[in-house]
Amino acid sequence: MLFPIQTTTRTLIDLSGTWNFLLPEKGQVVDPNKKLPNSITMAVPASFNDQITESKLRDYAGDIWYEKNLLIPQTLEGQRLVLRFGSVSHTAKVYFNGKLIVEHIGGFTPFEVELDQSLMQENNDLKVCVSSILDSSTLPNAVHIKNDEEEKVLPLFDFFNYSGIHRPVKLYSTPHTYVKDIVVKYNVEGKTTTIEPDVSVIGNYEELELELYDEEDTLLLQTTSNQMTLEDTRFWAPLDAYLYKLKVKVKDEQGIIIDAYTEDFGIRTFKIENDQFLINDKPFYFQGFGKHEDFPVLGKGMNEAAYNYDFNLMKWMGANSLRTAHYPYAEEFMRMADRAGIVVIDEVPGVGLFSRFNPDVSKNQGAAGNTWEIVESFDNHKKVIEELIERDKNHACVVMWAVGNEPAAHQDGAREYFEPLINLARELDWNDRPVIIPNIVNATPDTDLLADLVDVICLNRYYGWYIDHGNLDAAKVHLKEEIEKWREKYPDKPIMFTEFGVDTIQGLRSIHDIPYTEEYQVNFFKAQFEVIDQLPYFIGEHIWNFADFETLPFIRRIDGNKKGVFTRERKPKMIAHSLKDRWTSTDHFGMK
């Protein structure tokens with residue numbers, strides 16, 4: 001699926017802005033053929049939850065409705081018109097002039113539909129019915145409670161269940177003969193790159209022309225074959241991004257361009273060898289963050305200004321990478337990562353696959369029930385892997401796929417569930433990116449059933465917080481003991497942190513090692529670094545979390561998760577400066 005852009009043959013209309021919005025009363029039936037009754041204004045893209053002031057509505061579970069009047073310019077008459085949603089959380093039913101035209105399950109990947117010309121009117125009514133319901137069949141996984149008194153969702157994951165139209169809604173046109181998709185395949189030998197793109201075209205045409213441009217828009221190569229040889233390649237590298245442009249032109253018998261599309265892409269290599277992760281044959285050490293799409297008022301709504309500031313904060317600290325925890329981020333975010341040179345572990349929303357999960361992992365050991373006898377999410381899990389790789393296949397920034405996060409990997413059935421999904425990710429990706437599943441501490445080296453299937457052992461560990469709370473000396477001992485057990489069992493796999501951190505209240509200070517203080521956060525990471533810096537097979541440290549984020553409130557989550565290096569509003573805690581000193585001065589395997 002191509003990202004929608006305006007070209008010489010395509011028109012793009014952004015439908016962001018204010019929409020009519022209805023949160024139905026109990027028992028209210030909405031007729032898609034009629035105007036929404038008693039609607040209010042809601043901004044798109046953004047979560048609905050933080051734009052309203054009534055507490056009971058903020059936590060509403062069920063269907064909500066959006067409505068927009070859609071005028072289609074006469075200049076687009078005779079063109080193929082496509083309505084595209086960047087994401088709708090979590091289930092969408094789209095109505096055009098009262099007719100259901102598309103449905104989509106999954107809140108973090110795009111979907112689109114070609115509009116039927118026979119349905120079009122002078123004033124077109126666009127409605128979207130959005131469901132915030134999650135259950136045992138969805139990703140993320142949750143418990144859905146519905147009875148005569150209430151309907152609610154109990155998340156099996158540690159972030160707020162925001163809902164709404166979270167990413168841009170766009171109308172774009174193409175000719176009826178058009179470029180449907182481009183897969184930019186290439187092979188690197190030294191500094192010579194052979195580019196062999198797979199271009200899918202729908203309709204009749206005479207000739208397909210490919211043009212390669214550099215970052216200065218200088219034409220480098222032009223061909224009507226599907227192979228181009230680029231000498232003296234300029235590689236995309238961490239914090240040193242370089243993007244080429246592949247322009248595809250579809251021509252008729254007279255040589256007139258029917259359709260044109262330009263795909264930006266970077267060229268880079270990677271491999272795992274001798275306990276190191278190599279990018280362009282140079283050792284790379286992951287230093288950065290787990291993150292969330294989460295910002296005041298916006299919730300999980302796409303905002304490029306917020307994205308840009310986050311990237312600048314990461315670069316200020318010397319961070320070179322991140323994980324899209326715990327779901328695919330917006331395409332606009334991924335395009336910015338390509339441009340910024342930020343390395344990305346791209347994750348599907350395979351979170352919550354742990355029966356009776358508790359964010360306080362020390363309480364999960366006695367969790368009742370076998371997860372894999374309860375969950376029904378396999379088909380949706382397969383679908384979202386397909387959709388993610390289809391969407392992000394050409395992004396140079398993506399170097400690994402995370403097909404889940406903290407599943408009950410120690411319970412019988414975990415392997416039967418995940419092995420075909422891991423195989424699917426490998427089959428779909430021409431670039432052979434490594435596949436990972438960040439591991440929860442409950443799945444120990446002795447009980448885990450998945451680690452042999454993945455390429456890197458990725459640990460989410462909280463020694464000194466959930467385990468050995470407040471005791472950093474004990475935390476260091478137990479962390480080292482566990483890592484060494486993983487190494488002994490899997491001597492050929494590198495290891496990294498995909499999560500580690502502690503809740504910290506900005507402004508809470510002490511000369512003592514008291515949990516929740518800014519000093520304790522600094523000393524916690526010092527202790528962790530003392531351990532991992534002794535381990536040559538350790539290839540990365542992703543802090544949990546980049547910024548504080550909203551969660552369902554309970555005793556461990558007062559005003560959200562406070563493990564951020566920054567507050568939710570992006571104010572730095574003390575640890576931000578400590579990490580900046582480490583990441584801008586310490587040389588890990590040759591990577592600053």
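Just so it is clear, the structure is predicted and the values come from calculations on it, not from any experiment.

Trainee: Would you mind going over the overall build of the protein chain with me for this structure?
Mentor: Each helix and strand in the protein chain was counted, giving 8 helices and 34 strands. Relative to the 2.2 N^0.38 estimate, which gives 25 Å for 592 residues, the radius of gyration of the protein chain is 24 Å and therefore close to what a compact globule would have. Along the first, second and third principal axes, the C-alpha atoms of the protein chain reach 75 × 65 × 45 Å. Total accessible area on the protein chain stands at roughly 23,400 Å², and carbon and sulfur atoms take up 48% of it. Distance from the positive charge centre (62 side chains) to the negative charge centre (93 side chains) of the protein chain: 3 Å.

Trainee: Looking at this model, I keep getting lost on a nonpolar patch on the surface. Mind explaining?
Mentor: Residues Phe554, Ile555 and Ile558 make up a contiguous nonpolar surface patch of roughly 320 Å² in combined accessible area. Here isoleucine 555 is to be found in the loop between strand E34 (538–543) and helix H8 (574–585). Using a relative accessible area of 71% as the deciding quantity, one classes isoleucine 555 as exposed.

Trainee: How do you make sense of the packing of aromatic side chains when you look at a structure like this?
Mentor: The geometry of an aromatic ring pair is captured by two quantities: the separation of the ring centres and the angle between the planes. For the structure shown, the criterion picks out 37 aromatic pairs. When the ring of tyrosine 242 is compared with that of tyrosine 244, the centres are 5.1 Å apart and the planes differ by 70 degrees; the resulting orientation is edge-to-face. We note that tyrosine 242, like tyrosine 244, is buried. Geometrically, the ring pair formed by phenylalanine 311 and phenylalanine 333 is tilted, given 4.8 Å between the ring centres and 35 degrees between the ring planes. Of this pair, phenylalanine 311 sits in helix H2 (residues 304–317) while phenylalanine 333 is found in helix H3 (residues 331–340), placing the two residues 22 residues apart along the sequence. Each member of the pair, phenylalanine 311 as well as phenylalanine 333, is classed as buried. Site record: aromatic cluster; members linked through ring pairs are Phe108, Phe157, Phe159, Tyr307, Phe311, Tyr327, Tyr329 and Phe333. Positioned over the ring face of phenylalanine 160 is arginine 58, at 4.4 Å from the centre of the ring. Between the NZ or CZ atom of arginine 582 and the centre of the ring of phenylalanine 529, over which it lies, the distance is 3.7 Å.

Trainee: Would you mind showing me how to read H8 here?
Mentor: A turn of α-helix holds 3.6 residues, and therefore any two residues three or four places apart point the same way. Taking 1.5 Å of rise per residue, 12 residues should cover 16 Å, and H8 covers 17 Å from first to last C-alpha, within 8% of that figure. Those residues of H8 that sit buried are Ile575, Ala576, Leu579, Arg582 and Trp583. Taken down its axis, H8 places every buried residue within 130 degrees of arc, on the same side. Considering only its buried residues, H8 is in contact with strand E27 (286–290), H2, helix H7 (518–532) and E34.

Trainee: Honestly, the pattern of salt bridges in this entry has me stumped. Any pointers?
Mentor: Pairs can form between side chains of opposite charge once their charged atoms are near each other. This structure, assessed with the given rule, holds 46 salt bridges. Aspartate 50 is paired through a salt bridge with arginine 568; the nearest N and O atoms lie 3.7 Å apart. Of this pair, aspartate 50 sits in the loop between strand E3 (40–44) and helix H1 (55–58) while arginine 568 is found in the loop between E34 and H8, placing the two residues 518 residues apart along the sequence. Among the residues examined, arginine 568 registers a relative accessible area of 13% and is labelled buried. Among the charged side chains, a network of salt bridges with common partners joins Asp50, Arg58, Asp59, Asp294, Glu550 and Arg568.

Trainee: Whenever I open this one, the environment of histidine 176 confuses me. Can you help?
Mentor: Here histidine 176 lies in the loop between strand E14 (169–174) and strand E15 (178–183). Residues histidine 176 and arginine 557 lie 381 residues apart in sequence; the distance between their C-alpha atoms is 52 Å. Apart from residues lying up to four places away in sequence, histidine 176 is in contact with Gly78, Gln79, Arg80 and Ile202. Here the side chain of histidine 176 touches glycine 78 through a polar contact of 3.0 Å, landing on its backbone oxygen.

Parameters at a glance
- Residues numbered from 1 in each chain as written.
- Predicted model: local features only at pLDDT ≥ 70, side-chain atom pairs only at ≥ 80, totals over all residues.
- Heavy atoms only, no water.
- Helix = DSSP H or I, 4+ residues; strand = E, 2+ residues; numbered from the N terminus.
- Rg over C-alpha atoms; globule rule 2.2 N^0.38 Å.
- Areas by Shrake-Rupley, 256 points an atom, 1.4 Å probe, with all protein chains shown as cover.
- Lys, Arg positive; Asp, Glu negative; His and termini not counted.
- Charge placed at Lys NZ, Arg CZ, Asp CG, Glu CD.
- Patch = residues over 30% accessible without salt bridge, like charges linked within 9 Å, V, L, I, M, F, W, Y side chains within 5 Å.
- Salt bridge = Lys/Arg side-chain N within 4 Å of Asp/Glu carboxyl O.
- Buried < 20%, exposed > 50% of the residue type's maximum accessible area, 1.4 Å probe, protein only.
- Phe/Tyr/Trp six-rings, centres within 6.5 Å; stacked < 30°, edge-to-face > 60°.
- Lys NZ or Arg CZ within 6 Å of the ring centre and 35° of its normal.
- Expected span 1.5 Å × (residues − 1).
- Arc of directions from axis to C-beta.
- Contact = heavy atoms within 4.5 Å.
- Polar contact = N/O pair within 3.5 Å; in protein donor to acceptor, adjacent residues only side chain to side chain.

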